[in-house]
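Chains, contacts and geometry: an overview
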Amino acid sequence: MNLNIRPLADRVLVEPMEAETTTASGIIIPDNAKEKPQKGTVVAVGNGKKDEPLTVKVGDTVLYGKYGGTELKFEGKDYLMMRESDILAIV
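Below or above, wherever it landed, is the structure these notes cover. Model, not experiment: these values are computed from the prediction. (Residues numbered from 1 in each chain as written. Predicted model: local features only at pLDDT ≥ 70, side-chain atom pairs only at ≥ 80, totals over all residues. Heavy atoms only, no water.)

Once that is clear, we can look at the sheet that holds strand E3 (residues 61–64). Sheet strands line up and pair through hydrogen bonds in the backbone, either parallel or antiparallel. What the six strands build is an open sheet, ordered E4-E5-E1-E2-E3-E6; its pairing is antiparallel. Two strands lie at the open edges of the sheet, namely strand E4 (70–74) and strand E6 (87–90), each paired on one side alone. Pairwise comparison of adjacent strand axes, ignoring direction, gives a mean angle of 45° for this sheet. The pairing of E4 with strand E5 (residues 77–83) spans five bridges and is antiparallel. Along E5, the bridge assignment pairs Glu 71 with Leu 80. (Pairing = 2+ DSSP bridges. Helix = DSSP H or I, 4+ residues; strand = E, 2+ residues; numbered from the N terminus. Axes fitted to C-alpha atoms, helices over the stretch in contact; angles between N-to-C directions.)

Here it is, written out as structure tokens:
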């Protein structure tokens, strides 16, 4: 994927994964009751700060806080722009 967007400093662009549509027991979850996804794929990274290089890279699957990042729509897709410090783990 080649995006024409490049985050600055320690910011990371994440494409959120789809919210679960069914529970483990098979119950279908309506759109208005779905949990906000907390897992996504890194699609672009900044250059980091002077003394703090980034540890995530494009293609990493990451976990982030439920309300972390700023939602934005770019070329018809939804993304989250967040600082690397908002990312909790690489999975």
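Here the focus is the side chain of Asp 10. Position of Asp 10 relative to the elements: it lies in the segment before strand E1 (11–16). A distance of 2.7 Å separates polar atoms of two side chains, one belonging to Asp 10 and the other to Arg 83. In this structure Asp 10 touches Gly 48, Lys 49, Leu 54, Met 82, Arg 83 and Glu 84, once residues within four positions along its chain are discounted. (Polar contact = N/O pair within 3.5 Å; in protein donor to acceptor, adjacent residues only side chain to side chain. Contact = heavy atoms within 4.5 Å.)

Time to look at the side chain of Asp 60. Take Asp 60: it is sitting in the loop between strand E2 (39–45) and E3. On the accessibility criterion, Asp 60 (10% relative accessible area) is buried. A distance of 2.9 Å separates a polar atom in the side chain of Asp 60 from the backbone nitrogen of Lys 57. Among all residues touching Asp 60, those that are not within four sequence positions of it are Gly 40, Thr 41, Val 42, Thr 55 and Ile 90. (Buried < 20%, exposed > 50% of the residue type's maximum accessible area, 1.4 Å probe, protein only.)

Distances and angles like these do not, on their own, reveal function.
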